[in-house]
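Here's the letter readout for the chains.
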Amino acid sequence: MVSNRSSWPLLAGLVLLSACGGGEPTGQDTLNVPSTEDSTAQAERMRKTRNIFYNIPSPMETAALLKKAGAEYDKDILNDVQNVDKYTAASKQALNLGIYGADLSYASVNNQTQESMFFTSCAKKLADRLGVSNAFDDATLERMEKNMNNRDSLLSIISETYWTVDAYLKENERDNISALMIAGGWVEGLYIATQVSRVKATPELKQRIAEQKLSLHDLLGLMETYEGTDEALASVKADLTAIAALFEGVAEPAASAEVTQENGVALIGAASANTTLSDDQLRAITEKASTVRNAYIN
Amino acid sequence: MISVRTNFVRTALAGALFLFAVAAQAQCRSFAKNKCVPELAPYKFNESFNAAQLAPGEEAEVNLTFFSGQEYRVMVCTHPILGEVNWKLMDASNKILFESMADAPKRFFDLRMANTQQLKVHVWVPSKPKTDMVHVGCVAIMVGFKE
């Protein structure tokens with residue numbers, strides 16, 4: 001007999017799963033595995049993947065930066081949890097795993113516990129459909145349930161889960177799905193930042209949006225390692241390239257290797273070198289981010 | 001008959017190598033999670049899995065964006081089988097901001113950014129005298145940030 005105590009988290013998990021969309025989607029296509037790419041391209045990709053990493057700021061890091069910059073929480077801009085069952089194509093599932101992951105981070109950083117749980121169950125559904133259930137199991141949901149009211153623990157579990165899913169995909173040579181998930185998360189982060197800025201464009205928030213030019217450069221670097229191997233990746237890369245074109249005129253923060261000591265910590269650079277956006281640049285980036293993101297969630 | 005057997009052996013070897021590679025990567029993840037992430041405290045791990053199995057003589061590099069006003073801990077975590085490695089943190093013009101050499105290793109580097117910049121971490125495993133045994137081990141480049 002299962003004790004009441006141990007069955008509670010499972011019951012709560014079931015309720016959460018039912019809160020996030022309905023049943024299983026009908027039919028599912030798959031994401032191309034780059035089995036047909038020529039050996040030279042594959043060898044080049046392997047070489048780059050092994051020795052050069054592209055570090056894209058995680059959804060949690062972006063959400064924390066946005067909160068510090070004065071971005072307020074707005075649940076209405078996030079992806080509807082009912083959408084989860086619309087994603088039958090593996091590429092859409094991967095993109096929206098990243099999108100729900102970013103929404104989850106944004107909700108959690110802003111102490112929106114109930115919504116965090118809904119986004120978690122959406123992310124879990126998509127992870128299951130992508131065959132990543134090993135990395136995102138029922139035990140994770142149970143731990144989240146138990147730590148619902150402990151923000152730090154909850155953030156730590158979410159971070160660990162994101163990392164485990166990403167690592168699991170990479171370990172199992174499904175880097176293309178990992179890349180789509182990362183791209184989806186980045187686009188959602190930019191979308192949230194630009195939508196929030198429509199209401200309250202603080203100088204700090206505009207600066208954080210401008211700085212996404214650097215992350216986008218790395219994201220495109222990651223995407224380029226898959227050049228010509230996958231239709232979905234090529235399409236996402238085209239979207240990112242279009243966004244990059246709008247960042248073209250944004251002055252990059254000047255690199256400054258000045259190192260000084262401040263309270264035992266090395267201080268790098270000079271504060272005067274920060275960058276920002278013009279209103280026109282912000283408007284154009286906001287529109288493009290919205291178009292791209294809405295195409296991914298619909 | 002011989003060619004059938006040869007093909008079978010080759011396929012079995014290829015399969016074994018693949019399984020070994022997957023298992024090694026999984027071990028790398030487990031090592032980074034259990035041994036490296038806790039060492040980032042009190043910084044929050046930035047969730048990026050930058051780890052690889054490296055052998056003596058091999059190198060790895062990661063480009064990182066560090067945001068103004070934020071505090072970070074950069075750490076290179078190496079499996080003991082590999083011994084200490086060399087690593088350095090450089091700015092976009094390759095100027096060295098921090099360096100840790102295998103003969104005088106430093107566990108991590110704490111920094112605060114005055115302005116947002118892209119920096120890169122370059123890791124290289126010192127070459128060792130040629131022996132029959134080549135040690136391959138997990139090297140994880142870890143970044144933590146303060147919320």
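See the structure above.
One structure accompanies this document, and this report is about it. (Residues numbered from 1 in each chain as written. Chains lettered and ligands numbered in written order. Predicted model: local features only at pLDDT ≥ 70, side-chain atom pairs only at ≥ 80, totals over all residues.)

Observations concerning the interface of chain A and chain B
Argument step 1. Between chain A and chain B, the residue contacts involve 39 residues of the former and 38 residues of the latter.
Argument step 2. At the level of elements, helix 2 (39-51), strand 1 (52-54), helix 3 (59-68), helix 7 (151-171), helix 9 (203-224), strand 2 (259-262) and strand 3 (265-268) of chain A are the ones that each hand at least two residues to the side of chain A that touches chain B.
Argument step 3. The element that contributes the greatest number of residues to the side of chain A that touches chain B is helix 7 of chain A, accounting for seven residues.
Argument step 4. Of the residues contributing to the side of chain A that touches chain B, the split by class is 22 nonpolar, nine polar and eight charged.
Argument step 5. As defined by bridge partners, strand 3 of chain A adjoins strand 7 (residues 108-113) of chain B across three bridges and the pair is classed as parallel. Counted as the bridge partner of Leu 267 of chain A is Arg 112 of chain B from strand 7 of chain B. (Contact = placed C-beta atoms within 7 Å. Helix = DSSP H or I, 4+ residues; strand = E, 2+ residues; numbered from the N terminus. Nonpolar A, V, L, I, M, F, W, Y, C, P; charged D, E, K, R; others polar. Pairing = 2+ DSSP bridges.)

Structural notes on the packing of helix 4 (residues 90-109) of chain A against helix 5 (residues 113-129) of chain A
Think of two packed helices as two axes; the pair is described by the angle between the axes and how far apart they sit.
Residue and element names in this part refer to chain A.
Argument step 1. Direction vectors running N to C along helix 4 and helix 5 enclose 160°, while the axes themselves pass 9 Å from each other. Between helix 4 and helix 5, the angle falls in the class roughly antiparallel. In the crossing of helix 4 with helix 5, the sense of the turn from one axis to the other is left-handed. In this structure, helix 4 contributes Gln 93, Asn 96, Leu 97, Tyr 100, Gly 101, Asp 103, Leu 104, Ala 107 and Ser 108 to the contact, and helix 5 contributes Glu 115, Ser 116, Phe 119, Thr 120, Cys 122, Ala 123, Leu 126, Ala 127 and Arg 129.
Argument step 2. Among the residues forming the contact of helix 4 with helix 5, the class breakdown is nine nonpolar, six polar and three charged. (Axes fitted to C-alpha atoms, helices over the stretch in contact; angles between N-to-C directions. Parallel < 35°, antiparallel > 145°, perpendicular 65-115°, else oblique. Left-handed = near helix turned anticlockwise from the far one by under 90°.)

Details of the sheet that holds strand 8 (residues 117-124) of chain B
Argument step 1. Ordered by their spatial adjacency, five strands build an open sheet running 1(A)-3(B)-8(B)-5(B)-6(B), and the pairing between neighbours is mixed. Two strands close off the open sheet at either side, each with one partner strand: strand 1 of chain A together with strand 6 (96-100) of chain B. Ignoring strand direction, the axes of neighbouring strands in this sheet form an average angle of 15°.
Argument step 2. In this structure, strand 5 (residues 86-90) of chain B lies alongside strand 6 of chain B, joined through four bridges in antiparallel fashion. Residue Trp 87 of chain B lies in a different strand from strand 6 of chain B, and its bridge partner there is Ser 100 of chain B.
Argument step 3. Helix 9 of chain A contacts strand 1 of chain A together with strand 3 (59-66) and strand 8 of chain B of the sheet and is inclined by roughly 145° relative to strand 3 of chain B.

Overview of the packing of helix 7 of chain A against helix 8 (residues 175-199) of chain A
All names here are of chain A.
Argument step 1. Here helix 7 crosses helix 8 at 150°, and the two axes come no closer than 7 Å. As judged from the angle between their axes, helix 7 and helix 8 are roughly antiparallel. Across the interface between the two elements, Asp 166, Leu 169 and Lys 170 of helix 7 pack against Asp 175, Ile 177, Ser 178 and Met 181 of helix 8.

Comments concerning the nonpolar core
Argument step 1. In this structure, Leu 180 of chain A together with Val 139 of chain B are the most contacted members of the largest nonpolar core, which totals 119 residues.
Argument step 2. Counting residues per element, this core draws most heavily on helix 8 of chain A, which supplies 13 residues.
Argument step 3. The contacts of Val 139 of chain B, once residues within four sequence positions are left out, are Ala 51, Ala 52, Leu 54, Ala 60, Val 76, Thr 78, Leu 82, Val 85 and Val 123 of chain B. (Core = buried A, V, L, I, M, F, W, Y, C linked by C-beta atoms within 7 Å. Buried ≥ 20, exposed ≤ 12 C-beta atoms within 10 Å, placed from the backbone.)

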